[in-house]
Amino acid sequence: MADTAVDSARPEEGAPDAAPAEKAPISRLWYYARFHLKALLVGGALTFLGSILGLVQPIIAMQLIETLGEGGSLRTLLVLLAAAVLAGAVLEAFGPYIMQRAGQDIILTVRRRLVSQLVHLKVPEVDRLKPGDLVSRLTSDTNLLRTVASTTVIGGVTGLIMLVGGLVVMAWIDIVLFGITLAMALLVTVVMLFVMPRIGQATEASQTALGQMGAVLERIFTAFRTVKASGAEEHEIGKLDEAAIRARDKGVMVAVWEALAGVLAFLPVNIAFLIVLGVGGSRVATGDMTISSLIGFLLMLFYLMGPITSLTAALSQLQTGLAAVRRVEEVADLDAEDLNHGRRTAGDGPAAVVFDDVEFRYDEGLEQVHHGVSFTASGKGLTALVGPSGAGKTTVFSLIERFYPVNSGRVLVDGTNVDDWPLGDLRRTIGYVEQDAPVLHGTLRDNLIMAAPDATDEELHDILGRARLSGLVERLPDGIDSLVGYRGLTLSGGERQRIAIARALLRRPRLLLMDEATSQLDAANEAALRQTMMDAAEQTNVIVVAHRLSTVTSADRIVVMDAGRVRAMGTHEELLEEDKLYRDLAAEQLLTSEKD
Ligand SMILES: Nc1ncnc2c1ncn2[C@@H]1O[C@H](COP(=O)(O)OP(=O)(O)OP(=O)(O)O)[C@@H](O)[C@H]1O
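Scope of this entry: the structure provided in the associated data block.

Thresholds applied
All residue numbers refer to positions counted from 1 along the written sequence of the respective chain. The predicted nature of this model means local features are confined to residues of pLDDT at least 70 and side-chain atom pairs, given and counted, to a pLDDT of 80 or more, with totals for whole chains, interfaces and linings taken over all residues. Strands are treated as partners if at least two bridges between them are detected by DSSP. Numbering of helices and strands runs from the N terminus, with a helix taken as a DSSP run of H or I at least four residues long and a strand as a DSSP run of E at least two residues long. Axes, fitted as lines to C-alpha atoms, cover a helix only where it is in contact. Angles between the N-to-C directions of the axes lie from 0 to 180 degrees. A residue pair is marked as a contact if its C-beta atoms, positioned from the backbone, fall within 7 Å. Roughly parallel here means an angle under 35 degrees, roughly antiparallel means over 145, roughly perpendicular means 65 to 115, and every remaining angle is called oblique. Residues are sorted three ways: Asp, Glu, Lys and Arg are charged, Ala, Val, Leu, Ile, Met, Phe, Trp, Tyr, Cys and Pro are nonpolar, and all the rest, Gly among them, are polar. Counting other C-beta atoms within 10 Å of its own, a residue is labelled buried from 20 upward, exposed at 12 or fewer, and partly exposed in the gap between, with every C-beta atom placed from the backbone. The criterion for a residue being near a molecule or strand is simple: its C-beta atom, placed using the backbone, must lie within 6 Å of it.

## Focus on the sheet that holds strand β9 (residues 557–562)
So, point 1. Read from one edge to the other, the open sheet built from six strands follows the order β6-β7-β8-β3-β9-β10, with strand pairing classed as mixed. Both outer strands of the open sheet, β6 (430–433) and β10 (565–570), are each paired with one neighbouring strand and no more. When strand polarity is set aside, the average angle formed by the axes of neighbouring strands in this sheet is 15°.
So, point 2. One ladder, built from five bridges, connects strand β3 (residues 381–386) with strand β8 (residues 541–545); its direction is parallel. Among the inter-strand pairings, G381 is bridged to a residue of β8, identified as N541.
So, point 3. In this fold helix α10 (residues 393–400) packs onto β3, β6, β7 (511–515), β8 and β9, with an angle of close to 145° to the strand it touches most, β7.

Here it is, written out as C-alpha cells:
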C-alpha cells in the first residue's frame, strides 16, 4: 500500500486477546464475527425465512392463476398468499434489526481491541505513525467493517440460496428457458469476478486518502499557534485540500466500479428476460409450454432480481469490508507492550538506577546515541544530567522507562535489569515528567487522577500544595475541576510543568525522572519548581535533565554527558575544578542567567 502511515504489518507480541496474525482478511473478519455468531445466526435465519416466503409467493400466484382458469375456489390460496406476505414482512423487519445490532456489537469488539492495541503500542512504533491516520482507522474503517461482518455475509448467503432456489424452481417449470437463464447467470458471475476486486482496491485507496486527511488535520492542530504565527494557514489548507481531493477522487472510483457492477449484474438478466419472452412465447404457441408456466417463469425471473441485487451488494460490501479489515489489521499487527510479563520484585524506599556500559541507537539505520554510558544514581537526593544538546540525556530516561531496548549493556532499576521487570511494575515505581506538553485536555483533576485513579481529594490538595499549585487552584473558576484546555494551553509553561510533577508525585514514585523545560521560566515559577523538586529529593531518588544552573548547583551529584558518553561525575564544585566542558557549560549558563 503506497504512502500509508502504517508501513508494515508485523505479528504482534503479547497484545491482549490477539487475533491470528498473518491471516487472510476474510479469516480476520471471521475472528471478529464469531464472538457474535448466535445473534448473526438468529438474524440470518429470520431474514432467510423471510426471503423463502418471498420465493413462495410467485408459486402461490401461479397456482392462483391456474385455479382461476379451472374455476376452482381461491379462498385457501388467497389466505396462504396473505399469510406469506404478512409473515415475510415481519421476518424481514426483525432479521435485519438483529443483524444490525450484531454488527454494532462487532464494531465494539473491534474498536475495543484496537483501542487497547493503540494504547499499548511500543514507543518505536508510535514514533513512525501518524495519529490522524490511526484515528481514521479506529473510526471510519471499523464502521465499514460493521456492514460486512453482519448483513453482507448473511445477505450474500441468503441471496445465493435464493438464486439457486429460484434456478431450481425455473428448471422445474421449463428446462429450455432454464438453460437460457443459467447461461446468463454464468455471464453475470464472470463479470463480477472481474469487477469486484476493483471495488476493494478503490475502497482501500479511498480510505487511505481519508486517513491522510486525518493526518494532515492532526499535524495542523498539534501546532495550531505555530501555523497561525507563521501565516501558514493557506499552505496548510492547500495540503488539506490535496488530501480531500484525493479522497474524493478515490471515492468516485468506488462509485464508478459499484455502478458498473450494478449495471453489469442486471444487463444479462434483462437480456434473459427478452430471450425467455421470445423463446417462451413460441413454445407456448407450439403447445410445448402452458401460458401459466411462462407467466410463472417470467415472475421467477423478476423475482431473481432481488437475490441478484443482494448478492451484488453483498459482494461489493464484502470488498469494501475486506479493504477496511486490511487497514484495521495493520494496526492490530503492530508491536504492543505486555505490561505484566516479567519477574515481580517488591521493594520500597528510593530505587537506585545503574547504567552499565549501555550502547544504544534508536533504529538500525540511525547513528548510535549512547556509546558505553555508565553511571549510578542511588539513594535519596538529586542527580542532575547535564551536557550539550543532543548528548543523549533524555534518551537515558527513555531507556529507564524501557520505551526502547538497549543494544548492549544493562540498565538496572532497584538492582533488577529493566528487561526483567514487569513493565507495569517498573513504570509504577517511576514518576516521569516529560519536557514538552505534559498536560492533557480535560480538567486539572483529570490530569492528576489519570496517574492514580483512587486518589482522594485530600491527597490531591496535598500534592497540589507540594507542587506550589494551591494559588493556581484558587484562581481557576472551578478550582480543581476547571478545564485546562487542549494540551493545557490555558496554563503557563511553569504551571504545566508543576502539574506534571504533581501527577508524577501522586503515584508516590520510588524514582522521579524529570526533564526540565528548556523554555525560560519567570523567577517565581523557577523557584517554585526548584523547591518542589528539592522536596521530592528529600524523600526519594530524583534524576533531572538539567538545563538551569539553579538545578545543577543544588544537585547532590552531577553526571556530565557529551556525545553519548559520560565524561565526568561529581558535585558542582568538584566539576568546576575538574571538567572543562562543565566549566564552559556553567560559565555559559551563568552568563545567560546574568543577562536575564
Ligand atoms: N525518537 C527518536 N528517534 C530517533 N532519534 C532520536 C529520537 N529521540 C532522540 N533522537 C536523537 O538522539 C540524540 C540524543 O537525543 P536526546 O533527546 O537524548 O538528547 P538530549 O541530550 O536530551 O538533548 P536536549 O538537551 O536538546 O534535550 C539526538 O541526536 C536526537 O536527534
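## Re the packing of helix α6 (residues 175–222) against helix α8 (residues 233–285)
So, point 1. With their axes 8 Å apart at the nearest point, α6 and α8 run at an angle of 170° to one another. On the basis of the axis angle, α6 is roughly antiparallel to α8.
So, point 2. Partitioning the contact of α6 with α8 into residue classes produces 37 nonpolar, six polar and seven charged.

## Thoughts on the pairing of β10
So, point 1. Bridging between β9 and β10 involves five bridges; their strand directions are antiparallel. If you follow V560 over to β10, its bridge partner there is A568.

## Some thoughts on the sheet that holds strand β5 (residues 416–417)
So, point 1. Read across the open sheet, the four strands follow the order β2-β1-β4-β5; overall the sheet is antiparallel. Both outer strands of the open sheet, β2 (368–377) and β5, are each paired with one neighbouring strand and no more.
So, point 2. The pairing of strand β4 (residues 408–413) with β5 spans two bridges and is antiparallel. When the sheet's bridge partners are listed, V413 is paired in β5 with T416.

## Some remarks on the pairing of β7
So, point 1. Among the five residues that make up β7, five are buried, leaving the element largely enclosed by the rest of the structure.
So, point 2. Here β7 shows a buried face lined by L511, L513 and D515 and a second buried face lined by L512 and M514.
So, point 3. Relative to β7, β6 is paired through four bridges, and the arrangement is parallel. Pairing of I430 across the sheet is with L511, part of β7.
So, point 4. Bridging between β7 and β8 involves five bridges; their strand directions are parallel. Bridged to M514 within β8 is V544.

## Details of the environment of V396
So, point 1. Structurally, V396 can be placed in helix α10.
So, point 2. In the structure, V396 is positioned 133 residues away from L529 in sequence and 22 Å away in space, judged by C-alpha atoms.
So, point 3. Non-local contacts of V396, meaning those with residues more than four positions away in its chain, are made with F355 and L385.

## What about the site of the ligand?
So, point 1. The environment of the ligand is made up of 13 residues, and the closest members are Y362, S389, K393, T394 and T395.
So, point 2. For the shell around the ligand, the leading source of residues is α10, giving three residues.

## Considering the environment of L575
So, point 1. One can find L575 in helix α18 (residues 572–578).
So, point 2. Taking the C-alpha atoms as reference points, L575 and Q100, 475 residues apart in sequence, are found 70 Å from one another.
So, point 3. If we skip the residues at most four places from it in the chain, L575 touches I558, V560, A568, G570 and Y582.

## Side note on unusual backbone geometry
So, point 1. Its identity as a non-glycine residue notwithstanding, R468 has a phi of 55°, on the positive side.
So, point 2. For A563, which is not glycine, the phi torsion reads 45° and is therefore positive.
So, point 3. Its 14 C-beta neighbours within 10 Å are what place A563 among the partly exposed residues.

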